[in-house]
Amino acid sequence: MKGIDVRKIFAENLRNLRKQKGLSQLRLANEIHMAFTFINDIENCKKWISPETIAKFATFFEVPISSFFILDQESSHDNNLDTDFFVKTISDEVTKKIFEVGERFKKS
């Protein structure tokens with residue numbers, strides 16, 4: 001799985017979901033109470049985000065977390081990648097982190 005850029009995959013999927021809803025970056029930022037520059041930086045692979053923020057996007061767009069880590073069909077064929085394995089591995093890791101953070105808040 002060498003050469004996979006998770007930030008780029010996430011950014012492309014976020015951008016696609018945003019555009020499918022007909023939202024600008026500014027409108028999305030206002031809807032989910034984030035800075036416009038933060039959305040822009042994510043979509044341009046300049047910043048990475050926490051598991052909580054990934055969950056916030058998934059909730060807003062009403063999609064599973066794994067949908068942000070799915071390679072488009074063309075990329076997966078070009079790179080000869082096992083997309084299902086990649087998506088499961090990434091979504092399992094993100095889900096695990098979200099659970100861990102939730103447990104920390106319960107203990108506080």
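Described below are features of the structure shown in this document. (Residues numbered from 1 in each chain as written. Predicted model: local features only at pLDDT ≥ 70, side-chain atom pairs only at ≥ 80, totals over all residues. Heavy atoms only, no water.)

### A look at the side chain of Asp 41
Operational definition: Helix and strand labels come from DSSP, where a helix needs a run of H or I of at least four residues and a strand needs a run of E of at least two; each type is numbered from the N terminus. Working definition: with a 1.4 Å probe on protein chains only, accessible area under 20% of the residue-type maximum means buried, over 50% means exposed, and in between means partly exposed. By the counting scheme adopted, Arg and Lys are positive, Glu and Asp are negative, and His together with the chain ends is not counted. Whenever a carboxyl oxygen of Asp or Glu lies within 4 Å of a side-chain nitrogen of Lys or Arg, that contact is scored as a salt bridge. Every residue pair with non-hydrogen atoms within 4.5 Å of one another is taken to be in contact.
Here Asp 41 shows up in helix α3 (residues 36-43). Buried within the structure, Asp 41 lacks any salt-bridge partner; its nearest side chain of opposite charge belongs to Lys 47, at an N-O separation of 4.0 Å. Leaving out residues up to four positions away in the same chain, Asp 41 has contacts with Lys 46 and Lys 47.

### A look at the environment of Ile 49
Assignment of secondary structure puts Ile 49 in the loop between α3 and α4 (51-61). Residues Ile 49 and Phe 38, spaced 11 residues apart in sequence, show a C-alpha to C-alpha distance of 9.4 Å. In this structure, Ile 49 is in contact with Phe 10, Phe 38, Ile 42, Ile 54 and Phe 57, ignoring residues within four places of it in sequence.

### Notes on the packing of helix α1 (residues 6-20) against α4
Inclusion rule: As a rule, the C-alpha atoms of each element are fitted with a line to give its axis, helices using only the stretch in contact, and angles between N-to-C directions run from 0 to 180 degrees. Reported orientations rely on four angle classes, namely roughly parallel under 35 degrees, roughly antiparallel over 145, roughly perpendicular from 65 to 115, and oblique for the rest. By convention the crossing between two helices is left-handed if the near helix lies anticlockwise of the far one by an angle smaller than a right angle, and right-handed if it lies clockwise.
α4 packs onto α1 with a crossing angle of 25 degrees between their chain directions and a minimal axis gap of 11 Å. Taken together, the axes of α1 and α4 are roughly parallel relative to one another. By crossing handedness, the relation of α1 to α4 is classed as left-handed. Between α1, through Phe 10, Leu 14, Leu 17 and Arg 18, and α4, the contact on the second element is made entirely by Ile 54, Phe 57 and Phe 61.

### As for the nonpolar core
Test applied: Here, nonpolar core refers to any group of buried Ala, Val, Leu, Ile, Met, Phe, Trp, Tyr and Cys residues whose side-chain atoms link them within 4.5 Å.
Ranked by size, the top nonpolar core spans 20 residues in total, and within it Phe 10, Leu 14, Leu 28, Phe 57, Phe 61 and Phe 68 carry the most contacts. Mapped by element, the contributors of at least two residues to this core are α1, α2 (25-31), α3 and α4. The biggest single contributor to this core is α4, with five residues.

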